[in-house]
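# Structural features, examined
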Amino acid sequence: MERAAGCPAVGGSYPQKNAEILSSQYGINLFLAGLLLTFAWAVHAVGISKSHLLSYLITLMLIQLLWMLWYLCRSCTQRRLIRDKDTHAGARWLKCGITLFAVITLVLDSFKIGYYIDFSNCLSPTEGIFPVAHAVHTILQVYFLWCHAKDVIQSFKTLERFGVIHSVFTNLLLWTNGVLAESKHQLNEHKERLITLGFGNITIVLDDHAPQCNCTTTTLCSIFSQGIYYLYPFNIEYHILASTMLYVLWKNIGRKVEHHQQNKTPFKFHGITVGMIFGLMVLTSTIAIVVVYLIQIGGSKIKSELALTMFYLHAIFVLALMCTAGIVALLIYRLEDRSLDNSKNPARKLDAELLVGTAAGSWLLSWGSILAIICAQGHPKYTWYNLPYSVLVIIEKYIQNLFIIESIHREQEKVNDDIKTLRIVTISRGSTLSLTPLYKEIYNGRAARDSGDIPCLFKGSICARENDGAGVAKEETSQDHSLVMHSASDFSFSSRNSATNSKRRILKNIAAFLFLCNLSLWIPPAFGCRPEYDNGLEEIVFGFEPWIIVVNLAMPFSIFYRMHSAASLFEVNCKT
């Protein structure tokens, strides 16, 4: 009988688990098919053109649009129903960030439309349809994430799993397409720069997918073609952020949410002046370094070597500062005795996994550079700066990951309201509750003398008791002793509170500094400042094609790591 009674519960959960497995397999196959199609176009496979790839992506986007419209319509018809929400998912600052990237993505789509119009004589219609479909997809998806990123879906769960996972892998494929297009552009520029560095033994064959016809307006074509590649980094970040938010939505389907009040943690500039100043100094200097690097690299051998040396010295200094800040933050955590929050949280779990997973990309590049420096027979002077740079990249990410993961798992400090406000409740003879004026007045004896009420404060907690006329003198004596004891404990609490506030201020400044530093280190690789390409030593040791494959695979993860770290550090600053 007990087994029979338990069967419905098991049977009820089994179909949902089965739907989760089926939907994940559907998404993976969808992604692999698109990935293979993308690879076939990249290597100029016979019978595969760009129009085939774009047709596949357009179809995926249209299916996602239909699903989002169905979900939005169903939500409007059921808007009066109370829905479960995951308070940790879809933070407002994350929505603002994805909106910013989406706006720049729309500018990119408009550039692509203009590019298609100028080369319409020799481009397939899919290259004109794709940016239009992508713009509509971007607008509706951002609206969907703003309104429903926190939803915990409890109805039509099987259907919704397939819809959400389809959206996740559609964004991943769009991300892959953007990464490939941007990487091919960077690779062509890199091949041209190698000649100036003296690596003439490397075969230079440009991978060109340019249209085979003349542009109708030369000036506009140049603006569109160059502008597209400067906007791709924002498009890449947009799609990877969208896919992570949708993945959290997928993990929350059918989840039982604990109903508790989530404390709002707004961002405040107060108290982080030092961290912001140093962070802005790093950001400003990094932008200047990138501008000089892009101007100097490829000009001549001397200029290219100076640009690489300048980049390495600046990066070594910044990474050393970041390592020091991270170590100080971890030491402060070791001095604090605060428990970790181990409750189930898909958004937090995903953040930690993405930090470690994407850090592996830059670790791979760093170990490749270290091995190349050790094994190379000849070493130009600028290549020696690559060794401390690569070592510091590994150490800095290791320390920063520890700091961020521990920060997002630490429970927020709960302040004792009784001690903080020091409100004293008294009961008069008529058993009526009242609040005394101020605890300082009680210490001076005025409150008891003026009102005739006798407050009772016992070991920091508020208590009240009725006093009869016969015990007034004894109660006053006992109360005086209690107030003296409370005064001492209040002084001790104030000292502890002052020390805690100092630690929090230091941690907030460290988080703000690391936030701006990660934004600074995101800029160089995102906008073409990539010494892994331009150094040249790795290509000699590993071979040109193998090393370029490694860089093209690892670099997108390294770029995403910096943006994701910046987002996580922003959250850490708000929570601290």
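Above this text is the structure in question.
To keep things clear, this report deals only with the structure shown in the data block. Along each chain, the written sequence defines residue order, and numbers are assigned to residues from 1. The predicted nature of this model means local features are confined to residues of pLDDT at least 70 and side-chain atom pairs, given and counted, to a pLDDT of 80 or more, with totals for whole chains, interfaces and linings taken over all residues. For the side-chain quantities, the full set of heavy atoms in the structure was used; hydrogens and water were omitted.

## Things to note about the nonpolar core
Nonpolar core, defined: a set of buried Ala, Val, Leu, Ile, Met, Phe, Trp, Tyr and Cys residues in which side-chain atoms within 4.5 Å join the residues together. A simple rule labels every residue: compare its accessible area, found with a 1.4 Å probe on the protein chains alone, to the largest value its type can have, and call it buried under 20%, exposed over 50%, or partly exposed in between. The biggest cluster of nonpolar side chains holds 134 residues, and the ones touching the most others in it are Phe144, Phe311, Met322, Tyr389, Phe403 and Leu514. The secondary structure listing takes helices from DSSP runs of H or I that are at least 4 residues long and strands from runs of E that are at least 2 residues long, numbered from the N terminus. The leading source of residues in this core is helix 6 (residues 218-251), at 16 residues. Each of domain 1 (15-256) and domain 2 (268-411 + 500-575) contributes no fewer than three residues to this core. Excluding anything up to four places from it in sequence, Phe144 contacts Trp67, Met68, Tyr71, Leu72, Ala149, Leu246 and Leu249. All domain edges in this entry derive from an automatic or database-based domain assignment. Contact between two residues is taken to exist if any of their heavy atoms lie within 4.5 Å; hydrogens are not considered.

## Describing the environment of Asn235
Its place among the elements puts Asn235 in helix 6. Discounting residues that sit within four places of it in the chain, Asn235 has contacts with Thr105, Leu108, His134 and Gly178.

## Brief notes about the packing of helix 2 (residues 50-77) against helix 4 (residues 126-148)
Every axis in this analysis is a line fitted to C-alpha atoms, fitted for helices over the stretch in contact. Angles between the N-to-C directions lie between 0 and 180 degrees. At a minimum axis separation of 9 Å, helix 2 and helix 4 run at an interaxial angle of 30°. If you check the angle between helix 2 and helix 4, you find them roughly parallel. For helix 2 against helix 4, the interelement crossing comes out left-handed. A class-by-class count of the residues in the contact of helix 2 with helix 4 yields 17 nonpolar, 9 polar and 2 charged. An angle counts as roughly parallel when it lies under 35 degrees, as roughly antiparallel when it exceeds 145, as roughly perpendicular when it falls between 65 and 115, and as oblique in every other case. Should the near helix be turned anticlockwise from the far one by less than a right angle, the crossing is termed left-handed; should it be turned clockwise, right-handed. By the convention adopted, Pro, Cys, Tyr, Trp, Phe, Met, Ile, Leu, Val and Ala count as nonpolar, Lys, Arg, Asp and Glu as charged, and the other residues, Gly among them, as polar.

## Let's talk about the environment of Val356
Within the secondary structure, Val356 sits in helix 9 (residues 346-375). Between the alpha carbons of Val356 and Tyr561 there is a distance of 8.8 Å; along the sequence they are 205 residues apart. Discounting chain neighbours no more than four positions away, the residues touching Val356 are Trp363, Asn401 and Ile405.

## Observations regarding the packing of aromatic side chains
Planes of paired rings set the category: under 30 degrees apart is stacked, over 60 is edge-to-face and the rest tilted, where pairs are Phe, Tyr or Trp rings (Trp by its six-membered ring) whose centres lie within 6.5 Å. Taken as a whole, this structure holds 21 aromatic pairs when the rule is applied. With centroids separated by 4.8 Å and ring planes inclined at 50°, the aromatic side chains of Tyr115 and Phe119 adopt a geometry described as tilted. You can call Phe119 buried: its relative accessible area is 10%. The rings of Phe101, Phe234, Trp522 and Phe527 are connected pair by pair, giving a single aromatic cluster.

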